[in-house]
Protein chains: 2
Amino acid sequence: MHRRLLCTFWPSIRALSTKVGWANRAIVYAQNGDPSKVLNVVEYPPLPPPLPYTVNIKYLLSPINPADVNVVEGVYPTRPISTDSLTPIGRGSKDDPVFVGGNEGLAEVTDIGDGIRGLKEGDWVIMVKQQAGTWSSARNVQMNDILKLPSAKSLTEVQAATITVNPSTAYNMLHDFIKLETGDWIVQNGANSAVGQAVIQIAASKGVKTLNFVRSRDTLEQLRAHLINLGATHVLTYDDLTRKAFREEIKSLTSGKEIQLCLNCVGGQETQLMVRLLGSDCHLVSYGAMSKQPLALPTSLFIFKNLKAHGFWQSRWYKERPRTEQEELMRKLTQLMLEGKLDAPDHEIITIPTTDSCEEASSRVRSIFKKLEKGRHGKKILLKLETGSRLL
Amino acid sequence: MHRRLLCTFWPSIRALSTKVGWANRAIVYAQNGDPSKVLNVVEYPPLPPPLPYTVNIKYLLSPINPADVNVVEGVYPTRPISTDSLTPIGRGSKDDPVFVGGNEGLAEVTDIGDGIRGLKEGDWVIMVKQQAGTWSSARNVQMNDILKLPSAKSLTEVQAATITVNPSTAYNMLHDFIKLETGDWIVQNGANSAVGQAVIQIAASKGVKTLNFVRSRDTLEQLRAHLINLGATHVLTYDDLTRKAFREEIKSLTSGKEIQLCLNCVGGQETQLMVRLLGSDCHLVSYGAMSKQPLALPTSLFIFKNLKAHGFWQSRWYKERPRTEQEELMRKLTQLMLEGKLDAPDHEIITIPTTDSCEEASSRVRSIFKKLEKGRHGKKILLKLETGSRLL
């Protein structure tokens, strides 16, 4: 019943809307759970003109990141809040809240409120507000929720839509913990993840060498060739870590230069073995735990080798850093992309067409998540919620 | 044969020495191994007058710390080097090196070389050089190896002899990672260790509250009373950590104030459970691993709660910090001791008398380590290598 309710307009709103308008849609959930079961596509009326100091935006492309699934499941430490622009007047959202999915996305400015400076209609913007609900077609946002992309339209939509999470994580992990110089080495696991691939490219652009660990697989040589092509110095497997002579081999690969930065998105036994390759005063930065095993490390590494273990969470970075730093980050990443040094991830764009009814759109969305559940999709999925005139 | 050799003087030295002199002795080992098997007491001739910029010192009291055992075993990352003052001329130490045990100790200045300022005969000094070989009676040392104790003789010999390792570790862990204010909370395990007891006292002197975890035991109430008497706010057991409602109980104990410093000398499961009590942006500082289990922590704590895991090693601290900071640390600890806010550890002084032959002294020393091996001694053992006139 809830679902049916969401897929219609509330009477008070219907009266306000025109007979023909933009089909604004959003992918929402009322309760946490399996995304392939709890997600629904709903429609909502055209946005009113923006209030002062706010802008209306139209989403062009919004990725599905692994963390988005955790948010819908309710196992992520942050969750979206329902926003005014999606809560029609009189709906009583307090008692019956609906959350819009999606954290990352590229949007175009469609309408500018009084008092806004440095932004014009047609500009491309990305979200710095976390859990902004990017799986929607149009939203009204505060100026502080967004960031204008510099030289934006020289980028592809995919590059721009995926810039705020993975390349940002990679860039900051390479810069926030130690000062890397040309010729320095770093080591990472999960090197074929979206972040891992960005790490390889950003490190290579600085002349920093990378030891990249991945799972062994039938297609290892293909993957190795791909990562080497991106700029990886060496691609190795977790199995290599169990070889007795491996530490000595690594010493010879790095000409004895100590490794002082280690990026981890795996955890478990592989990470424990990987950390043994590190030099003194090393920083281990974790941004994921794909093995679902805890990070177990010998205490002696902390005491005698002065290992420091940190976590990195791009959401916290956006919360803590001033706007000038956020802008600077985007300038740097955009520059790398324009210079051809930072590719968009392998991806697939899935369009939710206006010709779909809400029910059809909902089942299209749920089937995407059903496929994602089966794991190891390999390609980044981006959603395009088509907008267009539609008989209301 | 080796042992016999050590217990006599080498012919070239015998010629140099007088018939009656100070019986200089040291506890040494030629090879790493079980201290109760490899340690020997040897004699060596009176020290020559100190060279310029060096001083001769006489050890008054030298503790046996747990790490000293690891050094003798050869499983510690640092090891002593044989020094000139213990290597009689012509002995060929390069081919047949002997190491003197002991890292910490209190000594009295007996003779001052040219060029030394700010030090006079009779001053009390402690070692800042690591693995200085303090289980000996007299040594010649560089000015940089030692630190003069401020208002030294107002301290007891035991306070002064045990100041450089445990209270220093406690003090620095409480100051080097976060700025603690009156009313803040910290949590620690192994709270009845020598460092743990110093942590309790130093924290209490600053008005910082402590949650102290210890193993459950028959004498728990006695231990609790002792630690509370030192200034502990609460004394709890690792078993408490497994209770479901425990996190809520702690929240109520701390009135919801977030805990941002956690000191660990245990590792393993207990530490994993303890870390769940911590607030955001917390620092976990490890200085030991009594459980001999790795430090296993959920990666989510690093990523989402911004936990940072460090190690602390007082030896590194002395190596890295300038002399002014070392002196400042000693002033602060001495001050706390003089104000009655920092007690000496429970201890037992064992004298190695001059009336012992080298063989007798060696077997006395070995039996001490045999007892220590049996574990959980509870009291800090301090060695007094008696010096006196002795027929050579």
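Keep in mind that this is a model prediction, so the values were computed, not measured.

Residue and element names in this part refer to chain A. Parsing chain A into structural domains produces domain 1 (24-162 + 344-385) and domain 2 (167-315). The straight-line distance from the C-alpha centre of domain 1 to that of domain 2 is 33 Å. In this complex, domain 1 contributes seven residues to the contact, which on the side of domain 2 involves five residues. Together, the buried faces of domain 1 and domain 2 total about 510 Å²; carbon and sulfur atoms form 53% of this surface. In this assembly, domain 1 and domain 2 are joined by zero salt bridges. Summed over the shared surface of domain 1 and domain 2, the number is two residue pairs in polar contact (both at pLDDT 80 or more).

Before going further, it helps to spend a moment on the pairing of strand 11 (residues 209-214) of chain A. Regular strands place their side chains on alternate faces of the sheet. Residues and elements named next belong to chain A. The buried count for strand 11 comes to five of six residues, which makes it a mostly enclosed element. Where strand 10 (residues 185-188) meets strand 11, four bridges bridge the pair, whose relative direction is parallel. Looking across to strand 11, one finds that isoleucine 186 is bridged to threonine 210. For the crossover from strand 10 across helix 7 (residues 194-205) to strand 11, the handedness is right-handed. Direction of pairing for strand 11 relative to strand 12 (residues 234-237): parallel, over a ladder of four bridges. Residue pairing across strands places asparagine 212 opposite valine 235, the latter belonging to strand 12. Each parallel crossover has a hand, and for strand 11 linked through helix 8 (residues 220-230) to strand 12 it is right-handed.

This part covers the relation of the copies chain A and chain B. Note on the copies: chain A fits chain B at an RMSD of 0.0 Å, the axial shift is 0.0 Å, and the rotation between them is 180 degrees. Both copies are brought into coincidence by an operation consistent with a two-fold rotation axis. For chain A, the smallest separation between a C-alpha atom and the rotation axis is recorded for alanine 296 of chain A, amounting to 1.9 Å. When the interface residues of chain A are mapped onto chain B, 100% of them again fall at the interface, so both copies present the same face.

Glancing now at the sheet that holds strand 2 (residues 24-29) of chain B. Residue and element names in this part refer to chain B. Across the sheet, three strands lie side by side as 3-2-5; this open sheet has antiparallel pairing. Every other strand in the sheet has two partners, leaving strand 3 (40-44) and strand 5 (99-100) as the edge strands with one partner each. Bridge count for strand 2 against strand 5 is two bridges, and the pairing is antiparallel. Counterpart to valine 28 in the pairing with strand 5 is valine 100. Packing against the sheet, helix 14 (residues 358-373) makes contact with strand 2 and strand 3, and its axis sits at approximately 140 degrees to strand 3.

Taken together, the contacts link 27 residues of chain A with 27 residues of chain B. Summing both sides of the interface, chain A and chain B together bury roughly 2,100 Å²; the carbon and sulfur share of this comes to 61%. Taken together, chain A and chain B are joined by zero salt bridges. Run the count over chain A and chain B and you get nine residue pairs in polar contact (both at pLDDT 80 or more).

Moving on to the packing of aromatic side chains. Pairs of aromatic rings are described using the distance from one ring centre to the other and the angle between the two planes. Following the criterion strictly, the structure yields 14 aromatic pairs over all chains and no others. Their ring planes at 75 degrees and their centres at 5.9 Å tell us that tyrosine 76 of chain A and tryptophan 313 of chain A sit as a pair that is edge-to-face. Of this pair, tyrosine 76 of chain A sits in the loop between helix 4 (66-73) and strand 5 (99-100) while tryptophan 313 of chain A is found in the loop between strand 16 (308-311) and helix 12 (314-320), placing the two residues 237 residues apart along the sequence. The rings of Tyr76 and Trp313 of chain A together with Phe304 of chain B are connected pair by pair, giving a single aromatic cluster.

A few words on the sheet that holds strand 2 (residues 24-29) of chain A. Residue and element names in this part refer to chain A. Pairing is antiparallel in the open sheet, where three strands are placed in the order 3-2-5. Since the sheet does not close on itself, it has two edges, and those belong to strand 3 (40-44) and strand 5, each with one partner. Each of strand 2 and strand 3 is contacted by helix 14 (residues 358-373), which is oriented at about 140 degrees to strand 3, the strand it contacts most.

Residue and element names in this part refer to chain A. Within this structure, the stated rule accounts for 34 salt bridges over all chains. The salt bridge involving glutamate 157 is made with lysine 384; its shortest N-O contact spans 3.0 Å. Of this pair, glutamate 157 sits in helix 5 (residues 157-161) while lysine 384 sits in strand 18 (residues 380-385); the two residues are 227 residues apart in sequence, bridging distant segments of the chain. Residue glutamate 157 is classed as partly exposed on the basis of its relative accessible area of 29%. According to the relative accessible area criterion, lysine 384 is partly exposed, its value standing at 26%. The partner of glutamate 325 in a salt bridge is arginine 321, and the shortest N-O contact between them spans 2.8 Å. The partly exposed category is assigned to arginine 321, whose relative accessible area is 28%. When salt bridges with common partners are traced through the structure, they connect Lys120, Asp123 and Lys148 into a single cluster.

Procedures and definitions
- Residues numbered from 1 in each chain as written.
- Chains lettered and ligands numbered in written order.
- Predicted model: local features only at pLDDT ≥ 70, side-chain atom pairs only at ≥ 80, totals over all residues.
- Heavy atoms only, no water.
- Domains from an automatic or database assignment.
- Contact = heavy atoms within 4.5 Å.
- Buried area = accessible area lost by both parts, 1.4 Å probe.
- Salt bridge = Lys/Arg side-chain N within 4 Å of Asp/Glu carboxyl O.
- Polar contact = N/O pair within 3.5 Å; in protein donor to acceptor, adjacent residues only side chain to side chain.
- Buried < 20%, exposed > 50% of the residue type's maximum accessible area, 1.4 Å probe, protein only.
- Helix = DSSP H or I, 4+ residues; strand = E, 2+ residues; numbered from the N terminus.
- Pairing = 2+ DSSP bridges.
- Right-handed = clockwise from strand over helix to strand, strands pointing away.
- Least-squares fit on C-alpha atoms with pLDDT ≥ 70 in both.
- Axes fitted to C-alpha atoms, helices over the stretch in contact; angles between N-to-C directions.
- Phe/Tyr/Trp six-rings, centres within 6.5 Å; stacked < 30°, edge-to-face > 60°.

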